[in-house]
Amino acid sequence: SSHEHKLNFKKSKEVCLSYIQDAMLQKQWKRAAEFLTFYIESLEKDFSTQYVGPSEMIWRIGTEILCHHSHSSVKEFNSFTEQMKTLGVKRYLKVCLEHAFHLLCNGLIDEAYQNLSLAESWRFGEQTAIQDKEMKLIQAYRGLLDYYSWSKQKAILLEHGQDGFEDLSVEQEMHSCFRKAAVNLKEIIKIPGVWDLFVKCYVDLLEFYGDHNEACQVLNEYAYNSKFPANPNAHVYLYQFLKRHGESKKSLISALKILHDIVPSHELMIDFNTMLQKSKKRKKRRLGLEVIFAALDYAGWKENVKAWSCLARQVKQIVISEKHLDWIKQEWNSRKDWWPAFHFSRYLAKRNWQENESLSYEKAVVAGILLGKDCKYFKYVSHQGCKAQVKRFRTLKKFVNKHNPVYLRISG
Amino acid sequence: RDFNERCAQCSEVNWGLTDGGRFYCRSCHNVTERTREVVNADFISNTRIQTISKGLRKQEKTDGGCEWYVCEGFQLVLKKQAEALETLGVCPQMKDEILCNFWRRYLQKSKQAYCNRPAGETVKALSVCDSSTDVDSEPERPSLLHLSLSESEGDLQTDCSFASSTSRVSESTSVCSGSVDGSLYLMKNQREKLRMTMPMTLSFCYMALLWLREPMTLSDLLRFVVEGHIPYLNVFQHFPEKMKLCGLDLKIFCVESWPVYEEVYNKMLELAAFLDLPRFPDITDSCFLHPDMLCMKYLMEANLPDELHNWTCRVVKKICIGEADFLTLVPGNKSTRNVKYDVLAAAVIVVVLKLLFLLDDRYEWLLSDFAEESNKNNKEGGPYFEFKKWYKVIKCSLDVEQKKLDEERAKYLWRCEKPLFYSAKKKSKVLKRRQMVVNLQNQFGKLSGSVQPAEKPKPSSFQLSWSEENTDGSCFHGHSLKGILQEKCGLLTAMNPAYWLCTVKLCTEKLCGHLAHYREVDFPQSYHFVLRLFSFLLRIQPSYIHDEVCVIEHKLFNKKLCKKSKYNTGLRK
């Protein structure tokens, strides 16, 4: 409770704002709206010294209330946002952009498109230059919507094509959408940033029209230009593109290399390891081992049979060839303290065996080699496997017994 | 004032007003039969307009406005306030006689009208009058028409009634202010002449109320202002269409904060001295403002037993604050401490509560427990007052009311429909803004759920009321203090033998502006609660009441304090 009996305009609006914020935090939208009505008159005295002035406050709070209030409608939202656009010219494009987002979220794509087009044509002296970033975004999103139209046209064409119809107008429409989209998408991805969606769409367009060079260049830029923030997806897109176009293993591998550095737990690590294992180059095979071990460090991979089978295969192969045991030793060195509890506990042995026999098999291979035949995991699983008379477990048991000394060399 | 005949007895011209509104000579106290004529303070018939030299005041400006002076604006404000007070029940004499006479006297004293040379304006050739206009001439004998009593300043011009401002000022009118002298008004050299401000209008009102000894305290007045019963915020919307406000006028007439008690009160004192007013009509024990009366009112409002009134009267008598000489305002007299009647009464009650209940966060609850026991056993007769019960009831109500008040503060609307613009250029922008504000208010108003029509609560002197008809026992007026009193030598005294002083030594007001410094953490919670209660009722900081409590205690325990300071013993808590 306040013991203050003084009050002035500024203070009373501050207090009002705190009531609005409380109501919003408690999701009491009616109450928030009520107090907002009393706050609104602060527009008539804009304190430009404050970090966030009343007009921005009202825009953001009003938007929030209208989004959540049960009696609010899109029409109300539109009318409100239009008024907000006139409030602050410095914020005009930002409000337009957010308006478009809101419309898109509500599935009103045509309205969003109209809004963006309108905003694109806005000019206001030096403000146009100052709000350049927002303008680029507006153009980019419009380009995105053009892409969306384009893909709709494409779908229609394909359908008609199947039915034997030819549709010139649709085709022309489609091409014009392409042109519009391409121009804007190209522009935005020049600016360092994260533009995943835009890049994907743009590449899709280029591929359709057969401009593979341009597409490749775009993807390379996006992935390797140091000005752009490190983005795993960039590498994924590039990899997928190269794969689609049947590029050499060498280029595929180099595409995934940085992805491994940034996101060792990425799902493509399996593909990566598979390619690397098969390589003739020693370095690549070495890297492959590193990659698969690194992936399995992550909890999300604990039960991934494919990953374990990759590791199992590679480790087995090394043991049989008796070459490069030091590789295993190096990888195991930093893991021997925690992998046993993490992957090869007795509890996990029981669970894996019950839930997924293949998983337990692959893991048993690895456990047997890394931890020897006396380790809990191997013992339990192989015993269970032999009891169940599954052939491969018998083979495995023999294998591990034969190569047990190897374990001693690795663990030492 | 304007009455300037010579006294029949002593031939002096030194008049004052009696209570009855008759003139009396201050030199020889001869009362005349002449009474004040009722003056219509209406803007249109303002005599000043008529006496302004012809041709210097344009009748109509291009935008339909006319020339107007800042003090005319204030005159309108005062008129509106007086009318509102009349609606609240104040006698019409306040508006028709007292207030407007104070105002005219003020205008005279500050040389804005009714005198020979209005202040602040460099005078060019003054046309109208026939006397000589030599600037350096000796002050001439004031004419019969325009006498400012006891004026003795030099360079009095001869009777040109009201010189208009120079062309220099009138040129800048359209840029700087809608009023003719807005920019001049805000210039610093006006300070000596007690420049008029919006808060000062309330000082005028209070002064008039005090003169008439109306049953309205300053805290009541200010509360009515905040509640919107008295025009103050946005009062300019009542100005006639022709009086355009813009530019610097906004600084003068636009209010953006609630009036502050101290400010209004101190200005009132300054004003009374400035106007050379005589001793105000005596505050006697039949007046509302007398501590005995106010204590009764506050005791009722605070839901305390009527029996406490005996005690407040005893305290009042003991420290002689019920004397007319103590209570009555004598302007300009710096030796007497000026009395804030409402704060004084509240403080007296606090002291009485301390005397009877100690309020050290222990004793009052003990007493309450005893009373509770007695009440269980004693079913006949009136119940004994239980501090605990009272505390619960009051706390509950107080919290509810405080919460309402806090929400009202958040919901307070400062702007009105009549928009203000600083300059003509900004007009369209301002109007557009206003339109948008109204639209948005409508839009979100609809989303507010149940639309409560913003009804102004009817003005009432009592903010809290308690009825003995309530069967839930929440009214304590009739409760008895028997449980906490004992008889000694035929006198009823408190069972509580102890007392703790709020402060051992009073501060020097001149140094830090206060007599004491109140910090909630330094004092018992019960004491703080009681302060909080009266702080809410009077809408002032608890520290003001605390100051007054300290003063009363020092008067009450004066002898003991003198002794104590001699022997330097500690305080007993």
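Thresholds, definitions, all that
- Per chain, residue numbering runs from 1 following the sequence as it is written.
- Labels are handed out in written order, letters beginning with A for the chains and numbers beginning with 1 for the ligands.
- With the structure being a predicted model, the display of local features is reserved for residues of pLDDT at least 70 and the display and counting of side-chain atom pairs for 80 or more, all residues being used for whole-chain, interface and lining totals.
- Side-chain numbers come from the whole structure's heavy atoms, not from hydrogens or water.
- Secondary structure elements follow DSSP: runs of H or I of four or more residues count as helices, runs of E of two or more count as strands, with numbering from the N terminus.
- Our radius of gyration is a C-alpha quantity, and the globule rule it is checked against amounts to 2.2 Å times the number of residues to the power 0.38.
- Residue exposure (1.4 Å probe, protein chains only): buried if accessible area is under 20% of the type maximum, exposed if over 50%, otherwise partly exposed.
- Cavities and pockets were defined on a 1 Å grid built from protein atoms only: a cavity is a group of points that admits a 1.4 Å probe but offers it no way out, a pocket is an open group of points flanked by protein on both sides within 12 Å along at least five of seven lines, and a lining residue is one with an atom within 4 Å of any such point.
- Grid points are joined across faces, edges and corners, and a volume is the space filled by probe spheres set on the points.
- For this analysis, a ring pair means two rings from Phe, Tyr or Trp (six-membered ring only for Trp) whose centres lie within 6.5 Å, classed as stacked if their planes differ by under 30 degrees, edge-to-face if by over 60, and tilted for the remaining angles.
- What is meant by a nonpolar core is a set of buried Ala, Val, Leu, Ile, Met, Phe, Trp, Tyr and Cys residues, joined one to another through side-chain atoms within 4.5 Å.
- Contacts between residues were defined by any pair of non-hydrogen atoms, one from each residue, lying within 4.5 Å.
- By buried area we mean how much accessible surface two parts lose on assembly, using a 1.4 Å probe and totalling the loss over both.
- We define a salt bridge as a contact between a side-chain nitrogen of Lys or Arg and a carboxyl oxygen of Asp or Glu at a distance within 4 Å.
- Classification convention: Asp, Glu, Lys, Arg as charged; Ala, Val, Leu, Ile, Met, Phe, Trp, Tyr, Cys, Pro as nonpolar; all other residues, Gly among them, as polar.
- One less than the residue count of a helix, multiplied by 1.5 Å, gives the span that helix is expected to have.
- To get an axis, fit a line to the C-alpha atoms, keeping to the stretch in contact for a helix; angles then go from 0 to 180 degrees between the N-to-C directions.
- The labels follow the angle: roughly parallel below 35 degrees, roughly antiparallel above 145, roughly perpendicular from 65 to 115, and oblique for the rest.
- Two helices cross in a left-handed way if the nearer one is turned anticlockwise from the farther one by less than a right angle. They cross in a right-handed way if the turn is clockwise.
- Along the chain, pLDDT gives the predictor's confidence residue by residue, from 0 to 100.
- In this description, the term disulfide denotes a pair of cysteine sulfurs within 2.5 Å.

Comments concerning the overall build of chain A
In terms of helices and strands, chain A carries 23 helices and 0 strands. For a compact globule of 412 residues, the expected C-alpha radius of gyration is about 22 Å, and chain A comes in at 31 Å, more than 25% above that figure. Dimensions of chain A, computed from C-alpha atoms along their principal axes, come out at roughly 85 × 75 × 40 Å. When each of the 412 residues of chain A is scored for burial, the buried share is 50%.

Notes on empty space enclosed by the protein
It is the rolling of a water-molecule-sized probe over the atoms that shows where space remains empty. Applying the stated rule across the entire model yields 8 cavities of 30 Å³ or more. Considered as a void within the structure, the largest cavity measures approximately 230 Å³ in volume. In this structure, the largest cavity is lined by 19 residues; those nearest its centre are A:H5, A:K6, B:P259, B:R539 and B:I540. For the lining of the largest cavity, the secondary-structure elements that each account for two or more residues are α7 (218–226), α9 (261–274) and α15 (387–410) of chain B.

Overview of the packing of aromatic side chains
Here a ring pair, both rings aromatic, is described through the centre-centre distance and the interplanar angle of the planes. Across all of its chains, the model carries 52 aromatic pairs over all chains by this definition. Ring centres of A:W122 and A:F124 lie 5.8 Å apart, and the angle between their planes is 15°; on these two criteria the pair is classed as stacked. Note on A:W122: relative accessible area 11%, which makes it buried. For A:F124, a relative accessible area of 44% corresponds to the partly exposed category. Each ring, one from B:W68 and one from B:F239, has its centre 6.2 Å from the other, and the planes form 70°; the classification is edge-to-face.

Overview of the nonpolar core
Membership of the largest hydrophobic core comes to 141 residues, with the highest contact counts inside it found for B:M94, B:Y106, B:F204, B:F253, B:L356, B:F534 and B:I545. In terms of residues, this core owes the most to one element, helix α13 (residues 341–357) of chain B, which gives 14 residues. Of all hydrophobic cores here, the second largest spans 92 residues; its members include A:I292, A:V315, A:L359 and A:V400.

With respect to the interface of chain B and chain A
Chain B puts 38 residues into the contact, and the matching count from chain A is 43 residues. Counting each side, the surface lost to burial between chain B and chain A is near 3,900 Å², with a carbon and sulfur contribution of 58%. For A:R31, the salt bridge is made with B:E407, and the minimal N-O distance between the two is 3.1 Å. Counting residues per element, the ones that place at least two in the side of chain B that touches chain A are α15, α16 (427–446) and α18 (525–538) of chain B. At 10 residues, α16(B) tops the list of elements feeding residues into the side of chain B that touches chain A. Here the residues of the side of chain B that touches chain A are counted per class, giving 15 nonpolar, 12 polar and 11 charged.

A closer look at unusual backbone geometry
Residue A:H324 is not a glycine yet carries a positive backbone phi of 70°. The residue A:H324 is located in the loop between α16 (305–321) and α17 (325–333) in this model. Located in the positive-phi region is B:L359, a residue other than glycine, with phi close to 55°. Residue B:L359 is classed as buried on the basis of its relative accessible area, which comes to 0%.

Thoughts on helix α1 (residues 9–25) of chain A
Residue and element names in this part refer to chain A. Taking 1.5 Å per residue as the helical rise, α1 with its 17 residues ought to reach 24 Å, and the 24 Å between its terminal C-alpha atoms agrees with that figure. Within α1 the residues assigned to the buried category are F9, S12, K13, V15, C16, L17, Y19, I20, A23 and M24. One or two steps after α1, the chain reaches K27, where phi turns positive at roughly 60°.

A closer look at the packing of helix α6 (residues 198–211) of chain B against α9(B)
Residues and elements named next belong to chain B. At a closest axis distance of 8 Å, the pairing of α6 and α9 adopts a crossing angle of 70°. For the element pair α6 / α9, the angle class is roughly perpendicular. For the pair α6 and α9, the sense of crossing is right-handed. Together, P199, M200, L202, S203, F204, Y206, M207 and L210 of α6 and E263, V264, Y265, K267, M268, L271 and A272 of α9 make up the contact between the two elements. A per-class count over the contact of α6 with α9 returns 12 nonpolar, 1 polar and 2 charged.

So, the pattern of salt bridges
Residue and element names in this part refer to chain B. On inspection of all chains with the given rule, the structure shows 43 salt bridges over all chains. For K80, the salt bridge identified is with E83, shortest N-O distance 3.8 Å. With a gap of 3 residues between them, K80 and E83 both fall in helix α2 (residues 70–87), about one helical turn apart. On the basis of relative accessibility, which here comes to 25%, the residue E83 falls in the partly exposed class. In this structure, E401 and K404 form a salt bridge, with 3.3 Å as the shortest nitrogen-oxygen distance. Residue E401 and its partner K404 are both found in helix α15; the two are separated by 3 residues, about one turn of the helix. Its relative accessible area of 45% is what places K404 among the partly exposed residues.

Describing the confidence of the model for chain B
All names here are of chain B. With 72% of its residues at a pLDDT of 70 or more, chain B shows a mean pLDDT of 76. Across residues 37–60, confidence stays below pLDDT 50; counting only partners more than four residues off in sequence or on other chains, it has 45 contacts. With a pTM of 0.73, the predicted complex shows an ipTM of 0.74.

A short note on the state of the cysteines
Scanning the entire structure with this criterion turns up 0 disulfides over all chains. With no disulfide of its own, A:C386 has A:C375 as its nearest cysteine by sulfur position, at a separation of 14 Å. Free of any disulfide, B:C295 has its nearest neighbouring cysteine sulfur in B:C313, separated by 7.3 Å.

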